[in-house]
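# Structural overview
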Amino acid sequence: MADGAVFCQFHRFNFWSLVYVAAGVTGQTNKESILNTVATQHQRVLSGMRPTGRLHLGHYHGVLKNWIQLQHEYECFFFVADWHALTTHYEDPSIIEQSTWEMVVDWLAAGISPGSAKLFIQSKVPEHAELHTLLSMITPLSWLERVPTYKDQQEVLKEKDLATYGFLGYPLLQSADILVYKAGLVPVGEDQVAHVELTREVARRFNHLYGREPDFEEKAKQAASKMGKKNARMFFKYRKDYQEKGDTEALGVAQALLDSQQNISIGDKERLFGYLEGSGKIILPEPQALLTPASRMPGLDGQKMSKSYNNTIALRDDTDTVAKKLRTMPTDPARVRRDDPGDPAKCPVWSFHEIYSDDGTREWVQNGCKNASIGCVECKQPIIDAVLSELKPMQERAKEYEEDEATVKAIIDEGNEAAREVARDTLEDVRKAMGIAYL
Ligand code: TRP
Ligand code: SF4
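If you're wondering where the values come from, they're calculated on a predicted model, not measured in any experiment.

### Some points on the site of ligand 2
Taken together, Thr-331, Asp-332, Arg-335, Pro-344, Cys-347, Val-349, Val-365, Cys-369, Cys-376 and Cys-379 make up the full set of residues near ligand 2. Most atoms of ligand 2, that is more than half of them, are within 2 Å of grid points of the largest cavity. Put simply, the parts of the chain that give the shell around ligand 2 at least two residues each are helix H18 (359-370) and helix H19 (376-402). Grouping the amino acids of the shell around ligand 2 by side-chain chemistry returns 7 nonpolar, 1 polar and 2 charged.

### Side note on the site of ligand 1
With respect to spatial proximity, 14 residues lie near ligand 1, and among them His-84, Tyr-170, Gln-174, Asp-177 and Gln-192 are the closest. One of the side-chain N or O atoms of Asp-177 is found 2.7 Å from a nitrogen atom in ligand 1. Alone, ligand 1 offers 360 Å² of accessible surface; in the complex the protein occludes 88% of this. The set of elements that each furnish at least two residues to the shell around ligand 1 consists of strand S1 (44-49), helix H10 (170-179) and strand S4 (185-188). Counting residues per element, the shell around ligand 1 draws most heavily on H10, at 4 residues. When grouped by side-chain class, the residues that make up the shell around ligand 1 number 7 nonpolar, 5 polar and 2 charged.

### As for the environment of Thr-149
Along the chain, Thr-149 falls in helix H8 (residues 148-156). Judged by relative accessible area, which is 19%, Thr-149 ranks as buried. Along the sequence, Thr-149 and His-195 sit 46 residues apart, while their C-alpha atoms lie 8.7 Å from each other. Those residues within four positions of Thr-149 in sequence are excluded, and the remaining contacts are Gln-154, Phe-167, Asp-191 and His-195.

### Some thoughts on the environment of Lys-304
With respect to the helices, strands and loops of the structure, Lys-304 is situated in the loop between strand S5 (288-291) and helix H16 (319-327). Using a relative accessible area of 61% as the deciding quantity, one classes Lys-304 as exposed. Each C-alpha atom, one on Lys-304 and one on Ala-294, is 10.0 Å from the other, the two residues being 10 residues apart in sequence.

### With respect to the packing of aromatic side chains
Throughout the structure, instances matching the rule amount to 13 aromatic pairs. Aromatic side chains Trp-67 and Phe-78 sit 4.1 Å apart centroid to centroid with 0 degrees between the ring planes, which places their arrangement in the stacked category. Taken together, the residues Trp-67 in helix H3 (residues 57-73) and Phe-78 in strand S2 (residues 75-80) connect sequence positions 11 residues apart. In this structure, Trp-67 and Phe-78 share a single accessibility class: buried.

### Some remarks on the confidence of the model for the chain
Averaged over every residue, the pLDDT of the chain is 87; residues scoring 70 or more account for 88%. Within the model, pLDDT remains below 50 along residues 1-41, and this stretch shows 49 contacts once partners closer than five positions in the same chain are excluded.

### Focus on the pattern of salt bridges
Applying the stated criterion across every chain, the model contains 21 salt bridges. Among the salt bridges present, the one from Arg-44 reaches Glu-75, with a minimum N-O distance of 3.0 Å. Here Arg-44 is found in strand S1, whereas its partner Glu-75 is found in strand S2, with 31 residues between them in sequence. For Glu-155, the salt bridge identified is with Lys-158, shortest N-O distance 3.3 Å.

### Thoughts on the packing of H18 against H19
Look at H18 against H19: their axes get within 11 Å of each other, and the N-to-C directions meet at 165 degrees. The angle between H18 and H19 places the two elements in the roughly antiparallel class. Crossing handedness for the pair H18 and H19: left-handed. Residues Thr-361, Trp-364 and Val-365 of H18 lie in contact with H19, whose contacting residues are Glu-378, Cys-379 and Pro-382.

### Examining H19
Since one α-helical turn is 3.6 residues long, residues separated by three or four positions face the same way. Here H19 is 27 residues long and its end C-alpha atoms lie 37 Å apart, about the 39 Å a rise of 1.5 Å per residue gives. Maximal helix bending in H19 amounts to about 30 degrees, located at Lys-392; proline Pro-393 follows within four positions. Every buried residue of H19 is accounted for by Cys-379, Lys-380, Ile-383, Ile-384, Ala-386, Val-387, Glu-390, Leu-391, Met-394 and Ala-398. On the buried face of H19, the contacting elements are H3, helix H5 (94-110), H16, helix H17 (348-356) and H18.

### Things to note about empty space enclosed by the protein
In total, this model carries 3 cavities of 30 Å³ or more according to the counting rule given. Around the largest cavity, the lining is made up of 13 residues, and of these Cys-347, Val-365, Cys-369, Cys-376 and Cys-379 lie nearest the centre. Counting residues per element, the ones that place at least two in the lining of the largest cavity are H17, H18 and H19. Tallying contributions element by element places H19 first for the lining of the largest cavity, with 3 residues. Taken together, the residues of the lining of the largest cavity break down into 9 nonpolar, 1 polar and 3 charged.

### Quick word on unusual backbone geometry
Despite not being glycine, Asn-310 has its phi angle at roughly 55 degrees, a positive value. With a relative accessible area of 70%, Asn-310 lands in the exposed category.

### As for the side chain of Arg-335
Position of Arg-335 relative to the elements: it lies in the loop between H16 and H17. Buried within the structure, Arg-335 lacks any salt-bridge partner; its nearest side chain of opposite charge belongs to Asp-332, at an N-O separation of 6.9 Å. Separated by 2.8 Å, the side chain of Arg-335 and the backbone oxygen of Asp-340 make a polar contact. Beyond its immediate stretch of four places on either side in the chain, Arg-335 contacts Asp-340, Pro-341, Gly-342, Gly-368, Cys-369, Ala-372, Ile-374, Gly-375 and Cys-376.

Quick notes on the rules
Residues numbered from 1 in each chain as written. Chains lettered and ligands numbered in written order. Predicted model: local features only at pLDDT ≥ 70, side-chain atom pairs only at ≥ 80, totals over all residues. Heavy atoms only, no water. Near = heavy atom within 4 Å. 1 Å grid on protein atoms, 1.4 Å probe; cavity = no way out; pocket = protein on both sides within 12 Å on 5 of 7 lines; lining within 4 Å. Sits in = over half its atoms within 2 Å of the grid points. Helix = DSSP H or I, 4+ residues; strand = E, 2+ residues; numbered from the N terminus. Nonpolar A, V, L, I, M, F, W, Y, C, P; charged D, E, K, R; others polar. Polar contact = N/O pair within 3.5 Å; in protein donor to acceptor, adjacent residues only side chain to side chain. Areas by Shrake-Rupley, 256 points an atom, 1.4 Å probe, with all protein chains shown as cover. Buried < 20%, exposed > 50% of the residue type's maximum accessible area, 1.4 Å probe, protein only. Contact = heavy atoms within 4.5 Å. Phe/Tyr/Trp six-rings, centres within 6.5 Å; stacked < 30°, edge-to-face > 60°. pLDDT = per-residue confidence, 0-100. Salt bridge = Lys/Arg side-chain N within 4 Å of Asp/Glu carboxyl O. Axes fitted to C-alpha atoms, helices over the stretch in contact; angles between N-to-C directions. Parallel < 35°, antiparallel > 145°, perpendicular 65-115°, else oblique. Left-handed = near helix turned anticlockwise from the far one by under 90°. Expected span 1.5 Å × (residues − 1). Bend = angle between axes of the 7 residues up to and from the residue. Points joined across faces, edges and corners; volume = space filled by probe spheres on them. Lys, Arg positive; Asp, Glu negative; His and termini not counted.

This is how it looks when you write it as structure tokens:
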């Protein structure tokens with residue numbers, strides 16, 4: 001048992017070092033891997049959201065504003081991940097359909113433009129499911145068991161039975177979501193980076209098994225040279241011995257040599273492993289996580305804004321609800337009475353001022369709080385005004401869409417169709433590569 005745990009830890013460590021290398025690629029753009037994955041096709045962006053409740057200001061500041069910006073810079077696909085919602089809400093799925101339409105309306109109201117981005121519903125593009133099935137054939141169980149969210153979420157959502165096939169496959173379904181569009185960039189939060197990394201590994205494995213890369217030989221040679229002259233020479237010799245004489249011992253030695261290399265990227269290692277035995281082309285390009293800057297939007301209690309902490313302001317909350325939530329939010333506990341001085345650093349209201357207030361107002365808060373010359377109710381008023389004026393135009397647009405269901409449905413129909421067109425093409429490539437095209 002203890003051994004098993006140590007073994008797991010070891011693997012997890014390895015896995016995470018891979019994740020970090022990939023995350024590094026995201027930030028610092030490892031040139032070569034980009035050439036092989038993203039730049040050879042145009043940069044397509046894909047992201048999804050689970051329809052499990054109302055959107056709140058955390059979603060707006062953390063995700064939607066980012067999407068709105070991206071839609072002008074890239075070809076974007078944004079979708080409602082209703083199958084992913086089912087993995088955790090299968091016992092009572094009633095919230096999914098309602099949240100789906102509300103969510104699409106909120107996206108539109110927030111400024112996602114169907115003229116720039118394609119908006120669609122996952123389950124309306126069955127190619128996601130087909131690719132998921134095909135990828136499941138080549139995905140080692142251990143890769144899925146090792147994804148941190150698998151165990152973590154089971155722990156967090158203890159009241160639900162998440163020991164299901166669907167939940168284990170959650171990240172692989174996500175891989176299919178991404179790969180079916182050959183997306184280059186996937187805007188996600190920190191918690192989803194491991195899923196994008198899994199996607200990269202699955203794509204790499206697929207390409208290795210079923211593809212042939214055009215300038216593969218050249219790249220493999222370059223990769224080998226990064227091991228240093230002596231190692232590279234040994235590597236080529238062992239490869240020759242294996243390929244020409246079927247010397248499996250030489251193969252083993254060469255693999256061990258590759259395994260021990262610290263200075264070459266995972267991509268190069270994969271290439272060299274392939275080069276040892278055969279070669280691989282990229283049919284499914286490896287995506288990169290586009291790490292969304294952590295949202296600065298705090299919840300009403302100072303923790304991260306999240307439905308599970310019950311500290312949200314929903315995009316659809318009416319004026320009275322918003323005002324009441326803000327008026328009753330906690331402040332620096334030192335300010336028991338009006339003339340007790342306080343410290344904004346210890347008050348969640350201050351985090352809201354950091355987002356919503358100008359320098360003048362912030363100075364007024366700092367001084368007024370520390371000198372007890374303003375009261376907390378007074379201090380909150382500019383926040384109430386700012387949040388309400390941020391929500392107002394969104395709520396007006398949301399109301400228009402709510403009253404015009406046909407338009408919303410037409411936008412989604414169109415998005416579903418556009419998405420399917422791309423997805424169908426990918427599945428054709430995939431079936432051909434796997435030898436089940438029956439042409
Ligand atoms: N798992 C993502 C989340 O919980 C949602 C999601 C599903 C997704 N498929 C995706 C995000 C594909 C990006 C790309 O936030
Ligand atoms: Fe918080 Fe403002 Fe009250 Fe100070 S005055 S404790 S910053 S609400």
